[in-house]
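Structure at a glance
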Amino acid sequence: MFPRIIPLCLLAAITGQVFGATDKVICYYASWAVTRPGNGKFVPEDINPSLCTHINYAFAGLNTDGTLQILDEENDVNQGGFKRVSALKETNPNLKVLLSVGGATAGTDVFVSISQDAQKQQAMAQSAIEFFETYDFDGLDVDWEYPNSKEGFNTLLSALKGAFEPGGYLLTVAVNSIPGEVGGYDIPAMSNVLDLINVMTYDFHAIFAGFTSENSPLYGGVNESDWQQENRNCDAAIRYWLDGGADPQKVAMGVAFYGHSFILQNPSNHGLNDPTQAPSDPGPYTDNLGSLGYNEVCEFHPNGTVVFLDDMKVPYLYDGSFWIGYDNEESVALKVQYAKEKNLAGVFIWSIETDDMHGFCGEENGLLKAINNEIKK
Ligand SMILES: *[C@@H]1O[C@H](CO)[C@@H](O)[C@H](O)[C@H]1NC(C)=O
Ligand SMILES: *[C@@H]1O[C@H](CO)[C@@H](O)[C@H](O)[C@H]1NC(C)=O
């Protein structure tokens, strides 16, 4: 009946291989970067649409009745932020642009209340569809950090999917990379309903712990405890999702375009796990305590010493009493190789406006280019 499918199925049965390409580069765009000073300013037209397959516009909020909330009317609407990002599809017709709702600062209360109320779920779905139509989005990315119940999350996702399916709109999520710590996820059900699951494989170590650590190690460190090796790295998180029943072709691994940064207690002790006084001051552009964007590392620490960790497959940099565990062109390429080995859908990036857009470290947008070069190999 389906002669073109049968040979593939037979081959799959023989080889045990699942067919699919690791070809997705999902670019989160932190839209508030338009107000950053100097070289940190990043507007929609600064996005190179040929280097992303998906752009997730961060963020919209939610009203208590379930409808979507515009968080920055001036930037998103008056200055045309939403429409200017979706207009990038004119340059890359294969590009998908999604609206991302929630995020780390959105909290969980409003999501909990919507997940418990069918009427609010319908309101959320209808409101999302109105946004898609008004601003030419292709779907919704739900970034609930973090669901309090598997059932509630599934109910919400199923309601959204049911409403989106007739229009062919995409539904994706961003999920915690340390699932044991929260309510947990019904992975097979999610894999069924969703188009993509973005596993946030970063923020593995606390900035207040008092010692230097990596933000997004690909593998565990040889000196880490067994528990850390089994829980606190990209590989452990991805294996958790795949072993839990996620279709690898629905899973995207997170790549961080920022690092975790510290002030060393003693500038002479600048290795991994060495004592720190405090998280480093916020960067002039990203304005987060204990963190710098890759753009800030490149612009403000050009003479820092870079050390690449062979076990964790990520670098750190020290410069006087400053220390950061982050990602560079080498480590992001290794992460794409890993995604290919696991037959994942691809990688996603948090977030593209902190790439080295002015080329202080080398080529402009060096990280995103390194990712694309590796994807295309
Ligand atoms: C592991 O710890 C030992 C002892 O502190 C140290 O000499 C070694 O460099 C560490 N190895 C790595 C890869 O961090
Ligand atoms: C980096 O080193 C160069 C050459 O020694 C020097 O001119 C420059 O001022 C240094 N930059 C910083 C930010 O320290």
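Computed from a predicted structure; not experimentally measured. Position numbers for residues start from 1 in each chain and track the written sequence from start to end. Whichever chain is written first is A, and whichever ligand is written first is 1; the rest continue in order. Note on the predicted model: pLDDT of at least 70 is required for a residue's local features to be given, and 80 or more for side-chain atom pairs to be given and counted; whole-chain, interface and lining totals, by contrast, use all residues. No hydrogens and no water enter the side-chain calculation; it runs on all heavy atoms of the structure.

Planes of paired rings set the category: under 30 degrees apart is stacked, over 60 is edge-to-face and the rest tilted, where pairs are Phe, Tyr or Trp rings (Trp by its six-membered ring) whose centres lie within 6.5 Å. Taken as a whole and judged by the stated rule, the model has 28 aromatic pairs. Arranged with centres 4.6 Å apart and planes meeting at 50°, the rings of Phe132 and Tyr169 form a pair that is tilted. In this pair, Phe132 sits in helix H5 (residues 118-135) while Tyr169 sits in the loop between helix H6 (150-164) and strand E6 (170-176), placing the two residues 37 residues apart along the sequence. The exposure classification of Phe132 matches that of Tyr169, with both residues buried. Their ring planes at 25° and their centres at 4.8 Å tell us that Tyr316 and Trp323 sit as a pair that is stacked. Across the pair, exposure class does not vary: Tyr316 and Trp323 are buried alike. One aromatic cluster is present, formed by Tyr28, Trp32, Phe59, Tyr202, Tyr258, Phe348 and Trp350 through successive ring pairs. A run of DSSP states H or I qualifies as a helix once it reaches four residues; a run of E qualifies as a strand once it reaches two. Both are numbered from the N-terminal end. When accessible area is computed with a 1.4 Å probe and restricted to protein chains, residues below 20% of their type maximum are described as buried, those above 50% as exposed, and intermediate ones as partly exposed.

Bringing the site of ligand 1 into the picture now. Neighbouring residues are identified by heavy atoms, a residue being near a molecule or strand if any of them is within 4 Å of it. If you check the shell around ligand 1, you find Val222, Asn223 and Asp311 and nothing else. Reported accessibility uses the Shrake-Rupley method at a 1.4 Å probe radius. Residues are deemed covered only where the shown protein chains occlude them. The fraction of the free accessible surface of ligand 1 (370 Å²) that becomes covered by protein chains is 30%.

The next point concerns the state of the cysteines. Note on terminology: disulfide denotes any pair of cysteine sulfur atoms within 2.5 Å. Per the counting criterion, the structure on display carries two disulfides. Between the sulfur atoms of Cys27 and its disulfide partner Cys52 the distance amounts to 2.2 Å. Taking the sign of the torsion about the S-S bond as the criterion, the disulfide between Cys27 and Cys52, at about -100°, is left-handed. With a gap of 25 residues between them, Cys27 in strand E1 (residues 24-30) and Cys52 in the loop between E1 and strand E2 (54-62) connect regions that are remote in the sequence.

Next up on the list: the environment of Glu145. Residue position: Glu145 is located in the loop between strand E5 (139-143) and H6. A sequence separation of 27 residues divides Glu145 from Ala118, and the C-alpha atoms of the two residues are 21 Å apart. Here, two residues are considered to be in contact whenever any of their heavy atoms come within 4.5 Å of each other. If sequence neighbours within four positions are ignored, Glu145 has contacts with Gly103, Ala104, Gly107, Thr108 and Met200.

A word on the packing of helix H11 (residues 329-341) against helix H12 (residues 366-376). The angle between two axes is taken between their N-to-C directions and runs from 0 to 180 degrees, where each axis is a line fitted to C-alpha atoms and a helix contributes only its stretch in contact. Close contact between H11 and H12 brings their axes to 9 Å; oriented N to C, the two are set at 30°. Viewed along their axes, H11 and H12 adopt a mutual orientation that is roughly parallel. The handedness of the crossing between H11 and H12 comes out as right-handed. Mapping the contact onto sequence places Glu329, Val332, Ala333, Val336, Gln337 and Lys340 in H11 and Gly366, Leu367, Ala370, Ile371, Glu374, Ile375 and Lys376 in H12. Of the residues contributing to the contact of H11 with H12, the split by class is seven nonpolar, two polar and four charged. Should an angle lie under 35 degrees it is considered roughly parallel, over 145 roughly antiparallel, and from 65 to 115 roughly perpendicular; all remaining angles are considered oblique. Crossings are sorted by hand: turned counterclockwise from the far helix by less than a right angle, the near helix makes the crossing left-handed, and turned clockwise it makes it right-handed. Ten residue types, Ala, Val, Leu, Ile, Met, Phe, Trp, Tyr, Cys and Pro, are classed as nonpolar, four, Asp, Glu, Lys and Arg, as charged, and the remainder, Gly among them, as polar.

Turning our eyes to something else, we now look at the pattern of salt bridges. In what follows, salt bridge is the name for a side-chain nitrogen of Lys or Arg lying within 4 Å of a carboxyl oxygen of Asp or Glu. Counted by the stated rule, this structure contains ten salt bridges. Note that Lys89 and Asp138 form a salt bridge whose closest N and O atoms lie 2.8 Å from each other. Taken together, the residues Lys89 in the loop between helix H3 (81-86) and strand E4 (96-102) and Asp138 in the loop between H5 and E5 connect sequence positions 49 residues apart. We note that Lys89, like Asp138, is buried. Asp195 is paired through a salt bridge with Lys161; the nearest N and O atoms lie 3.3 Å apart. You can see Asp195 sitting in the loop between helix H7 (187-193) and strand E7 (196-200) and its partner Lys161 sitting in helix H6, a full 34 residues away along the chain. Accessibility expressed as a relative area gives 26% for Asp195, which makes it partly exposed. Its relative accessible area of 14% is what places Lys161 among the buried residues. Each of Lys89, Asp136 and Asp138 takes part in one network of salt bridges that share partners.

Turning our eyes to something else, we now look at H12. Here H12 lies mainly inside the structure; eight of its eleven residues are buried. Regarding H12, the residues found buried are Gly366, Leu367, Leu368, Ala370, Ile371, Asn372, Glu374 and Ile375. Buried residues along H12 sit against E1, strand E8 (251-256), helix H10 (294-300), H11 and strand E15 (346-350).

No statement about biological role is implied by the geometric values presented.
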